[in-house]
Amino acid sequence: MKSAMRKAAVALGATVLAAGSVLVTAGGASAYTTPSGVLTCTEGSYNTNNGAYGYYFGGATCHVNNGYIGRKWRVAVSCTAGFTYRSEYVVTYYPNQQSLTAPNYGNGCYWGVSDIWVEEAEGF
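It should be emphasised that the depicted structure is a prediction, and the values quoted were computed from it without experimental measurement.

Peer 1: Describe in detail the overall build of the protein, supporting the description with residues and values.
Peer 2: When helices and strands are counted, the protein shows zero helices and 10 strands. Along the protein, from the amino end to the carboxyl end, the secondary structure elements read β-β-β-β-β-β-β-β-β-β. The buried share of the protein, taken over its 124 residues, is 40%. Considering only intrachain contacts with a sequence separation of at least 6, the fraction spanning at least 24 residues in the protein is 59%. Accessible surface, the protein: about 6,700 Å² in total, of which carbon and sulfur atoms supply 51%.

Take a look at the structure:
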């Protein structure tokens, strides 16, 4: 399953999520297509408290590629302290894009985010 997951490093650079949050992505990172070929995604982490510990979240913005109807997916975030959080599954339809973050409650990952990946559901 790990081969179907895309990792993202926490580094400098910024992309704006559709929801308006600032998403920090790996320097020079570009969008990638998931193994199914249906989604193109950009991942990253952000801090809601100007870099203070305790407020790190991971996220992904994905859109459905031309030629496909839609895809069910979620974002998974591994915190530096070892906990892994997953968002709820959503279905995104062509030509829309959708952004998800995790963890979606509390103060986030206290020590930072170590890994972010998109998981696609089997079937539709």
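Having seen the structure, we can now continue with the description.
Peer 1: Please provide a residue-by-residue account of the side chain of Thr34, values included.
Peer 2: Turning to its location among the elements, Thr34 is positioned in the loop between strand 3 (32-33) and strand 4 (39-47). A relative accessible area of 4% places Thr34 in the buried class. Contact partners of Thr34, with chain neighbours within four places excluded, come to Leu39, Cys41, Val118 and Glu120.

Peer 1: Residues and numbers for the pattern of salt bridges, please.
Peer 2: One pass over the structure, following the stated rule, counts three salt bridges. Glu120 serves as the salt-bridge partner of Arg71, at 3.0 Å between the closest nitrogen and oxygen. Taken together, the residues Arg71 in strand 6 (residues 70-79) and Glu120 in strand 10 (residues 113-120) connect sequence positions 49 residues apart. Among the salt bridges present, the one from Glu119 reaches Arg86, with a minimum N-O distance of 3.0 Å. Here Glu119 is found in strand 10, whereas its partner Arg86 is found in strand 7 (residues 84-86), with 33 residues between them in sequence.

Peer 1: Before we move on, could you go through the confidence of the model for the protein and cite the residues and values that matter?
Peer 2: Should the pLDDT be low somewhere, the predicted coordinates at that spot are not to be read in detail. Averaged over every residue, the pLDDT of the protein is 74; residues scoring 70 or more account for 70%. The model gives residues 1-29 a pLDDT under 50, and that stretch makes 64 contacts with residues more than four places away or in other chains.

Peer 1: Let's hear about the environment of Lys72: which residues, and what values?
Peer 2: Relative to the assigned elements, Lys72 resides in strand 6. Relative accessible area serves as the criterion here: at 31%, Lys72 is assigned to the partly exposed category. Not counting residues up to four positions away in its chain, the partners in contact with Lys72 are Tyr89, Val90, Val91, Glu119, Glu120 and Ala121.

Peer 1: Hey, could you go over the pairing of strand 6 for me, with residue numbers and the actual values?
Peer 2: Of all 10 residues in strand 6, eight are buried, a share of seventy percent or more. For strand 6 and strand 7, the ladder comprises three bridges, and the chain directions are antiparallel. Pairing of Val77 across the sheet is with Tyr85, part of strand 7. From the end of strand 6 to the start of strand 7, which pair antiparallel, there are four residues, and Gly82 there has a positive phi angle of about 110°.

Cut-offs used in this document
Residues numbered from 1 in each chain as written. Predicted model: local features only at pLDDT ≥ 70, side-chain atom pairs only at ≥ 80, totals over all residues. Heavy atoms only, no water. Helix = DSSP H or I, 4+ residues; strand = E, 2+ residues; numbered from the N terminus. Buried < 20%, exposed > 50% of the residue type's maximum accessible area, 1.4 Å probe, protein only. Contact = heavy atoms within 4.5 Å. Areas by Shrake-Rupley, 256 points an atom, 1.4 Å probe, with all protein chains shown as cover. Salt bridge = Lys/Arg side-chain N within 4 Å of Asp/Glu carboxyl O. pLDDT = per-residue confidence, 0-100. Pairing = 2+ DSSP bridges.

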